[in-house]
Amino acid sequence: MLKKMMALSGSLLLTVGLLSGCGSSGGTDASKESAGGKEDLKTVTINMFTASPEYTDAFNAYIEEYKKVKPNVKINLEIMQADYNTILKSKIASGSTPDVFQTTAGGDIDTYADYSADLTNEPLAAAMTDAVRANMSSSDGKVLGLPVKGNLFTLIYNKDLLTKAGVTSPPKTIAEMQDAVTKLEAKGITPFANAYKEWWVWKHIFQHYVDAAAQDAGVEPKQLVSDFIAGKAKIKDYPVLYNNFFNFIDLTVKHGTDKPLERDSNAEVSDFASGKAAFMTGKGAWDEEAIKKINPDLKIGIMGYPVSDKADQSVIITGADQALRINKDSEVSKETIEFFNWLYTSEYGKNWFSQVAKVIPPIKDAPLPDLEMPKEMERILKTSKSGDLSVNYSLDTFHQKFGELMQAYISGNMNKDQAVAEIEKAWVQLGSAQ
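Residues numbered from 1 in each chain as written. Predicted model: local features only at pLDDT ≥ 70, side-chain atom pairs only at ≥ 80, totals over all residues. Heavy atoms only, no water.

Participant: Hey, could you run me through the environment of Asn341 in this one?
Facilitator: Looking at the element boundaries, Asn341 is found in helix H13 (residues 333-345). Residue class for Asn341 comes out buried when judged on its relative accessible area of 13%. Each C-alpha atom of the pair Asn341 and Leu124 lies 4.9 Å from the other, and the pair is 217 residues apart in sequence. With residues up to four places along the chain from it excluded, the contact list for Asn341 reads Glu122, Pro123, Leu124 and Ser346. Among the polar contacts made by the side chain of Asn341, one reaches the side chain of Glu122 at a distance of 2.9 Å. A polar atom in the side chain of Asn341 sits 3.0 Å from the backbone nitrogen of Leu124. (Helix = DSSP H or I, 4+ residues; strand = E, 2+ residues; numbered from the N terminus. Buried < 20%, exposed > 50% of the residue type's maximum accessible area, 1.4 Å probe, protein only. Contact = heavy atoms within 4.5 Å. Polar contact = N/O pair within 3.5 Å; in protein donor to acceptor, adjacent residues only side chain to side chain.)

Below, the structure written as structure tokens:
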């Protein structure tokens, strides 16, 4: 059974019954006209339970397209963001595990291993990029997840505002960032837009510092996170975590938009898109369309976080942090796997990621969406490495607690040492499914 579950925020419930009719997984006989007369086909129903409301239209589009390929396949899509994890746990405990369900990647790949079909030898697994395939794989190397999308985690900046302030290139070191803040404020520009009301933005920032701390220690980020989960590591022993991370958060609060704990994701996007701030923290490529809807002419730049005085440690992070899982005990697992093999290998599927969902494709040989951030990512990665998606090495149960502790820190209800002690405790208690 599941010991720990991911945590998801929000308050949206969408239930979409698609392709005439709803019902539990299984099938009945249906007739279809063909060149040779009537052909009996078994009608099957695939139930999908996901936590990505922002992709509702895109999911509906590929389900509708699949009608043309397999008219006998009905797909019911249920999307829930609020309390998703609790409801998923309830469904699994009651023996009603959906045919397809969503989890975070990384550590949660193992958490749900007992409920997930092994996709290692499927065409869809071969289609994944190497980095994404690693994010979808269990500790014993089995591919147990399907990437919802590729992703990009970065500090986002307004090119025109930096130019106006005389910042000629994005800052890569702590000293350069402090200089940029001084220049921006001298021109009356607020440096940072934050969304510190959200628990999940904190993990997106923190992972950049975890990567740098691991590099300084001469270990892989996965090993460093494992040491924290095992209670073997202490944050004070890693200056990038104990000093640089907290100093950066202090900087963004002091030189950021007002009332940071009241600013959610939408408010941050609005602040940035309307030109109220030069940098946007804790976010990534998924925000570009929302920014452009507010200000189509805004020139967006992406950059690594200036985590230290080593410019080469300022890198963007790419990978896949969300996974779909196919229930291995589903009565329609064969048809479900066939459906996703089609999506991940067909010409329609290759273009669906970039043209319909408008996300970074998690598969090889697929075009990038016609958006600034993915194009900037491609340009940067030609000469610079990507950071490790180290959020994947801890469960979201930990990350949610981490966000809550950081909120307590910036509100003044907890000092740094108290926050550090509680973060270390949470890592041991909540970081792993073991």
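Participant: Looking at this model, I keep getting lost on the pattern of salt bridges. Mind explaining?
Facilitator: Within the structure shown, the criterion is met by 20 salt bridges. The shortest N-O distance in the salt bridge between Lys310 and Asp216 comes to 2.8 Å. Note that Lys310 is positioned in the loop between strand E10 (300-303) and strand E11 (317-319) and Asp216 in helix H8 (residues 200-217), a separation of 94 residues in sequence. With a relative accessible area of 44%, Lys310 lands in the partly exposed category. For Asp216, a relative accessible area of 42% translates into the label partly exposed. Three or more residues are tied together by salt bridges with common partners; here these are Lys159, Glu376 and Arg379. (Salt bridge = Lys/Arg side-chain N within 4 Å of Asp/Glu carboxyl O.)

Participant: Quick question: what am I supposed to make of the environment of Lys310 here?
Facilitator: For the pair Lys310 and Ile174, spaced 136 residues apart in sequence, the C-alpha separation works out to 8.6 Å. Residues in contact with Lys310, not counting those within four places in the same chain, are Lys172, Thr173 and Asp216. Polar contacts involving the side chain of Lys310 include one to the side chain of Asp216, which spans 2.8 Å.

Participant: What should I look at first to understand helix H7 (residues 174-186) in this one?
Facilitator: Side chains three or four residues apart in an α-helix point the same way, a direct result of the helix having 3.6 residues per turn. Under the 1.5 Å per step criterion, the end-to-end length of H7 is 19 Å for 13 residues, consistent within 8% with the ideal 18 Å. Where H7 is concerned, the buried positions are Met177, Ala180, Val181 and Leu184. Buried residues of H7, seen end-on, are gathered within an arc of 100° and therefore sit on one face of the element. Facing away from the buried side of H7 by over 90 degrees, the exposed positions are Ala175 and Ala186. Where H7 is buried, its residues contact strand E7 (151-158), helix H6 (159-164), strand E8 (190-193), helix H10 (239-254), strand E9 (277-284) and E10. (Expected span 1.5 Å × (residues − 1). Arc of directions from axis to C-beta.)

Participant: Just to check I follow, could you spell out the nonpolar core for this structure?
Facilitator: Nonpolar side chains in soluble globular proteins tend to be buried together. Counting residues in each nonpolar core, the largest one holds 58 residues, and the members touching the most others are Leu241, Phe245, Ile249, Phe279, Met406 and Ile423. Ranked by residue count, the leading element in this core is H8, at ten residues. Leave out the neighbours within four places in its chain, and Phe279 touches Leu155, Ile156, Tyr157, Leu162, Pro171, Met177, Leu184, Pro191, Phe192, Ala193, Phe272 and Met303. Grouped together as the second largest cluster of nonpolar side chains are 45 residues, Leu77, Met128, Ile326 and Ala366 included. (Core = buried A, V, L, I, M, F, W, Y, C linked by side-chain atoms within 4.5 Å.)

Participant: Looking at this model, I keep getting lost on helix H14 (residues 347-356). Mind explaining?
Facilitator: All of the buried residues along H14 are Gly349, Trp352, Phe353 and Ser354. If you follow the buried residues of H14, they end up packed against helix H1 (56-69) and H13.

Participant: Could you clarify how one ought to interpret the layout of surface pockets in this entry?
Facilitator: There is about 550 Å³ of room inside the second largest pocket. As for the second largest pocket, its lining consists of 27 residues, of which Gly106, Gly107, Lys222, Asn392 and Tyr393 are closest to the centre. Where the lining of the second largest pocket is concerned, the elements lending two or more residues are helix H3 (107-111), helix H5 (130-135), helix H9 (221-229) and E11. Counting residues per element, the lining of the second largest pocket draws most heavily on H9, which supplies four residues. A class-by-class count of the residues in the lining of the second largest pocket yields nine nonpolar, 15 polar and three charged. (1 Å grid on protein atoms, 1.4 Å probe; cavity = no way out; pocket = protein on both sides within 12 Å on 5 of 7 lines; lining within 4 Å. Points joined across faces, edges and corners; volume = space filled by probe spheres on them. Nonpolar A, V, L, I, M, F, W, Y, C, P; charged D, E, K, R; others polar.)

Participant: Help me understand the packing of aromatic side chains, please; the structure alone is not making it clear to me.
Facilitator: Here the structure, examined in full by the defined rule, presents 32 aromatic pairs. When the ring of Trp342 is compared with that of Tyr348, the centres are 5.4 Å apart and the planes differ by 10°; the resulting orientation is stacked. Take Tyr348: its relative accessible area is 23%, and that puts it in the partly exposed class. The residue whose ring lies beneath Lys91 is Phe49, and the NZ or CZ to ring-centre distance is 4.9 Å. Between the NZ or CZ atom of Lys416 and the centre of the ring of Tyr242, over which it lies, the distance is 3.8 Å. (Phe/Tyr/Trp six-rings, centres within 6.5 Å; stacked < 30°, edge-to-face > 60°. Lys NZ or Arg CZ within 6 Å of the ring centre and 35° of its normal.)

Participant: Before we go on, may I ask you to explain unusual backbone geometry in this structure?
Facilitator: Most peptide bonds take the trans form, and the phi angle of most residues other than glycine is negative. For Lys358, which is not glycine, the phi torsion reads 55° and is therefore positive. Structurally, Lys358 can be placed in the loop between H14 and helix H15 (372-381). Here Lys358 falls in the partly exposed class, since its relative accessible area comes to 38%. In this model, Asp365 sits at a positive phi of 60°, which is unusual for a non-glycine residue. Locating Asp365 in the fold gives a position in the loop between H14 and H15. Overall, the relative accessible area of 70% leaves Asp365 in the exposed class.

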